[in-house]
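Each chain, written out:
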Amino acid sequence: MWCPKCKAEYRDGIAICAECGVPLVDALPIEVDASTAENSVRMLNRIDGRENLKALSNGNKAYVQMHTKYEDMKSTAYSFILVGAAGIILMLLIFAGIVPLQFAAYMKGIMGVVMGGMFLLFLLIGVRSYLQLGGLKIQVQKELAQTEAAKSWFFDHYSAPDIDHKAAVRGDEPLQQKYFQRTSFLLQTLKEQFPDYEEAFLDYLAEQFYEELFPQD
C-alpha cells in the first residue's frame, strides 16, 4: 500500500497514512516529466510547422515540376501502349484460334467488340501521351534554365543576413513570423525581377531558396 501524497509505503492492512492522514492506494500513479513532454511537443511542432506554414502561405497552390510531369507522362504512355498492344494481339490470337477459348460465337463477338475497343482505346491514349513527351521535354529544359537564372541572380544579390535585414526579422521572433516575413520578401523580390514567371513557379522557387538560405529552420 502507498500514500499518494508523501509516497510512503505501508504493509497490507493499513488504510490511512500516519503522516498525511489520507487513504492509501494499491499503486502510485505514473508520473510524467512535464518538461520532457513539453520538449517533445515543441520538437514535433518545429518539424511540422514548416509544412503547415507552407500550406497556409500557398493556399491550395502546389507547383509540380516539369521533370515530374514528364516522367509521369512517359510512364503513362509506355504503360498504355504496352497494355493496349498486348491486348489487341491477344484478341487476334483468340479469333485466329491460336489461343483456344471455349465460348459461344455470340460471346466471342461481344468480347471482341468490348475488349477490342478497350484495348484500342488504351493504345490510342498511350500514343497520344507519347506524342506529348516532346513538348514536355522542351518545358523541362525551359524550367531548368529559368531556375538557374533566378538562382544565380538572387544568390548574387542576397544572403541570409541581407534578407533578415530587409525583411525586418528580429532574432526573438517566433519561427512562424520569421518564415512569413522571409518568404514574403523572397517572393516579392522574385516577382519584381522575373515578372514573366508563373506565380506557382515563383512560390516553388521561393521555398527552395528559403531551404538553402535557412537550413537550420
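Attention in this report is confined to the structure presented alongside it. Here the structure is a predicted model, which means the values were calculated and not measured.

What counts and what doesn't
- Residues numbered from 1 in each chain as written.
- Predicted model: local features only at pLDDT ≥ 70, side-chain atom pairs only at ≥ 80, totals over all residues.
- Heavy atoms only, no water.
- Helix = DSSP H or I, 4+ residues; strand = E, 2+ residues; numbered from the N terminus.
- Buried < 20%, exposed > 50% of the residue type's maximum accessible area, 1.4 Å probe, protein only.
- Contact = heavy atoms within 4.5 Å.
- Disulfide = S-S within 2.5 Å.
- Salt bridge = Lys/Arg side-chain N within 4 Å of Asp/Glu carboxyl O.
- Core = buried A, V, L, I, M, F, W, Y, C linked by side-chain atoms within 4.5 Å.
- Phe/Tyr/Trp six-rings, centres within 6.5 Å; stacked < 30°, edge-to-face > 60°.
- Lys NZ or Arg CZ within 6 Å of the ring centre and 35° of its normal.
- Expected span 1.5 Å × (residues − 1).

**Observations concerning the overall build of the chain**
A count of helical and extended segments in the chain gives 7 helices and 0 strands. Ordered by position from N to C terminus, the α and β elements of the chain give α-α-α-α-α-α-α. Per-residue burial for the chain yields a buried fraction of 27% across its 217 residues. Sequence-distant contacts, at least 24 apart, represent 61% of the contacts inside the chain between residues at least 6 apart.

**Let's talk about the state of the cysteines**
Overall, the coordinates contain 0 disulfides when judged by the stated rule. Among the cysteines around Cys3, which has no disulfide bond, Cys6 carries the closest sulfur, lying 3.5 Å off.

**Some points on the pattern of salt bridges**
Counted according to the given criterion, the structure contains 6 salt bridges. The partner of Arg170 in a salt bridge is Asp172, with the nearest N and O atoms 3.3 Å apart.

**Points about the nonpolar core**
Side chains that are nonpolar tend, in soluble globular proteins, to be buried together. In terms of nonpolar packing, the biggest core is built from 25 residues, with Phe154, Ile163, Leu186, Leu190, Leu205, Phe209 and Leu213 touching the most fellow members. By residue number, the principal contributor to this core is helix α7 (residues 199-213), which donates 8 residues. For Phe209, the contacting residues outside a window of four places in its chain are Ala150, Lys151, Phe154, Phe155, Leu186 and Leu190. Of all hydrophobic cores here, the second largest spans 5 residues; its members include Tyr70, Leu133, Leu136 and Val140.

**Remarks on the packing of aromatic side chains**
Taken as a whole, this structure holds 18 aromatic pairs when the rule is applied. On the basis of an interplanar angle of 80° and a centroid distance of 5.3 Å, the ring pair of Phe80 and Phe122 is categorised as edge-to-face. Residue Phe80 is found in helix α2 (residues 66-95), and its partner Phe122 is found in helix α3 (residues 105-131); the two are separated by 42 residues along the sequence. Exposure remark for Phe80: the relative accessible area of 27% places this residue in the partly exposed category. Through a chain of ring-to-ring contacts, the aromatic side chains of Tyr63, Trp153, Phe154, Phe155, Tyr158, Phe185, Phe194, Tyr197, Phe201, Tyr204 and Phe209 assemble into a single cluster. When the ring centre of Phe214 is taken as reference, the NZ or CZ atom of Arg182 above it lies at 3.9 Å.

**Notes on α7**
End to end, α7 covers 21 Å across 15 residues, agreeing with the expected 21 Å (1.5 Å per residue, within 8%). Buried within α7 we find Phe201, Leu202, Asp203, Tyr204, Leu205, Ala206, Glu207, Phe209, Tyr210 and Leu213.

**Observations concerning the environment of Ala149**
Relative to the assigned elements, Ala149 resides in helix α4 (residues 133-157). Look at Ala149 and you get partly exposed, because its relative accessible area is 38%. Discounting residues that sit within four places of it in the chain, Ala149 has contacts with Phe194 and Tyr197.

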